[in-house]
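# Fold and geometry: a report
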Amino acid sequence: MKAIVYDRYGPPSGLRLRDIDRPEIGEHEVLVRVHAAGVDPGVLIFLAGRPYLVRLTSGLRRPRVPVLGRDVAGVVAEVGARVTRFRPGDEVYGTSLRGSYAEFTATHERRLAGKPANLTFAQAAAVPVSGMTALRAVRDTGLVRPGHRVLVIGAAGGVGSQAVQIAKAYGATVTGVCSPTAADFVRSLGADDVVDYTREEIDRDGPVYDVVIDTGGNRPLSLLRRALTPRGTLALVGGDWTRGALLGGYGRQMFGAPLLSTVVGHRLRAVSARERIEDLDELRDLVESGALTPSVDSGYSLAQTVDALRHFSDGHPAGKVVITVSHPAT
Ligand SMILES: NC(=O)c1ccc[n+]([C@@H]2O[C@H](COP(=O)([O-])OP(=O)(O)OC[C@H]3O[C@@H](n4cnc5c(N)ncnc54)[C@H](OP(=O)(O)O)[C@@H]3O)[C@@H](O)[C@H]2O)c1
């Protein structure tokens, strides 16, 4: 099969499109014929092997898994002997730990769920990592309730564009922080108001937000707290991973927020990176009810993966960048 592989950590230019063996599946695993795969910052972090902390899981000297990509949407091609939830032919979406930028990927059955019926594969591949993160930020960390005022920083991004819609579905009034070119897009997601981060700061209206969801990752905690009501909650999703070789920008949520949280009235919480079937199921319900529509900024072929990653890093996409995988007629 064709796959995007990398032998060493580095920039996207080190990626190669190669013919490699299809992955073998274990007894609880599923072989998925990949139709689309999403791009998220985690992919760039694994590719760069930076911040270095990530190498504890990805391999100290060189990548342990040579195929890139985590989000996947496709069709079940084979199932392991003990798989109970899927059969060949099922349309699925979820995540792969063995690399989804390939014609086939293998993943545990508990990392997949049925694809939302009303989405294309490209749209479905835009949901898993970003959608699960957005859901956790709104539901579990932010504890968003009807009537809450919620501020989403990075509202045009992969996580933010879904957090805006999910917070609306949970009954909140939502303000999105984005660049001026993305303002119409963010309003189209359902945001009631927009803050243009090139002209205004997030504390423009004073301490009015019950929940601030920060996916931008580059503001100090003191500024983020100035936008919160006295008992408000800060959900820290993002860190600027290019800042600092060891921890990237993630020191803020790993150490700063938990420590400060013990002495101030605000709840300051990092959004943790769990992936659960129940969350994929809830996201599918939100999508099929019309409350959540993933936005695909642009699609690239497998052979154009390097361009896709460059556009994601530099192109200020509105919503998600997705790689689509075509299969020769069989
Ligand atoms: N905790 C977890 O489990 C988890 C999971 C997934 C992602 N993440 C993290 O969450 C963050 C966001 O991920 P993503 O996939 O949404 O990335 P993304 O698609 O690149 O979105 C980031 C957004 O931040 C915006 N932004 C940049 N500078 C800003 C500023 N000064 N003020 C406000 N917004 C600004 C960008 O807008 P412009 O392009 O217009 O500048 C972009 O829309 C990343 O740090 C990622 O590592 C965490």
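It should be emphasised that the depicted structure is a prediction, and the values quoted were computed from it without experimental measurement. (Residues numbered from 1 in each chain as written. Predicted model: local features only at pLDDT ≥ 70, side-chain atom pairs only at ≥ 80, totals over all residues. Heavy atoms only, no water.)

This part takes up the overall build of the protein. Looking only at helices and strands, the protein has 10 helices and 15 strands in total. Relative to a compact globule of 330 residues, whose C-alpha radius of gyration would be 20 Å, the protein shows 19 Å and is just as compact. Each principal axis of the C-alpha distribution contributes one length, and for the protein these read about 60 × 45 × 35 Å. For the protein, with 330 residues in total, the buried portion stands at 53%. Within the protein, contacts between residues separated by at least 24 positions form 66% of all contacts whose residues are at least 6 apart in sequence. (Helix = DSSP H or I, 4+ residues; strand = E, 2+ residues; numbered from the N terminus. Rg over C-alpha atoms; globule rule 2.2 N^0.38 Å. Buried < 20%, exposed > 50% of the residue type's maximum accessible area, 1.4 Å probe, protein only. Contact = heavy atoms within 4.5 Å.)

As a further point, take the packing of aromatic side chains. Scanning the entire structure with this criterion turns up zero aromatic pairs. Positioned over the ring face of Phe 104 is Arg 22, at 3.9 Å from the centre of the ring. Its guanidinium or amino end placed over the ring of Phe 121, Lys 115 lies 5.1 Å from that ring's centre, counting from NZ or CZ. (Phe/Tyr/Trp six-rings, centres within 6.5 Å; stacked < 30°, edge-to-face > 60°. Lys NZ or Arg CZ within 6 Å of the ring centre and 35° of its normal.)

Turning to the sheet that holds strand S12 (residues 228–236), a few remarks are in order. As a general point, the strands of a sheet are linked pairwise by backbone hydrogen bonds and lie either parallel or antiparallel. Across the sheet, which stays open at both edges, the six strands sit in the order S10-S9-S8-S11-S12-S13 with parallel pairing between neighbours. Of all strands in the sheet, those with a lone pairing partner are strand S10 (193–196) and strand S13 (267–270), marking the two edges. Pairwise comparison of adjacent strand axes, ignoring direction, gives a mean angle of 15° for this sheet. Contacts from helix H5 (residues 158–169) reach strand S8 (149–153) and strand S9 (173–178), with the element oriented near 170° to S8. (Pairing = 2+ DSSP bridges. Axes fitted to C-alpha atoms, helices over the stretch in contact; angles between N-to-C directions.)

Let us look at the domain arrangement of the protein. Each assigned domain of the protein is listed with its residue range as follows: domain 1 (2–127 + 294–324) and domain 2 (129–270). The C-alpha centroid of domain 2 is placed 27 Å from the C-alpha centroid of domain 1. (Domains from an automatic or database assignment.)

Formed by 48 residues in total, the largest nonpolar core has its most connected members in Tyr 93, Val 150, Ile 166, Val 186, Ile 213 and Leu 283. Inspection of this core shows a minimum of three residues originating in each of domain 1 (2–127 + 294–324) and domain 2 (129–270). (Core = buried A, V, L, I, M, F, W, Y, C linked by side-chain atoms within 4.5 Å.)

Turning our attention to the pattern of salt bridges. Under the defined criterion, the tally for this structure stands at 22 salt bridges. Here Glu 278 and Arg 110 are joined by a salt bridge, their closest N and O atoms 3.9 Å apart. Pair noted here: Glu 278 is in helix H9 (residues 277–288) and Arg 110 is in the loop between strand S6 (104–108) and strand S7 (112–114), with a separation of 168 residues, a long-range link. Take Arg 110: its relative accessible area is 46%, and that puts it in the partly exposed class. One salt-bridge network, in which partners are shared between bridges, spans Arg 139, Asp 140, Arg 276, Asp 279 and Glu 282. (Salt bridge = Lys/Arg side-chain N within 4 Å of Asp/Glu carboxyl O.)

Okay, the side chain of Thr 105 next. The topology assignment puts Thr 105 in strand S6. When its relative accessible area of 1% is taken as the criterion, Thr 105 is described as buried. A polar contact of 2.7 Å, which involves the side chain of Thr 105, links it to the side chain of Ser 96. With residues up to four places along the chain from it excluded, the contact list for Thr 105 reads Pro 23, Val 30, Leu 31, Val 32, Val 34, Val 72, Ser 96, Arg 98, Gly 99 and Ser 100. (Polar contact = N/O pair within 3.5 Å; in protein donor to acceptor, adjacent residues only side chain to side chain.)

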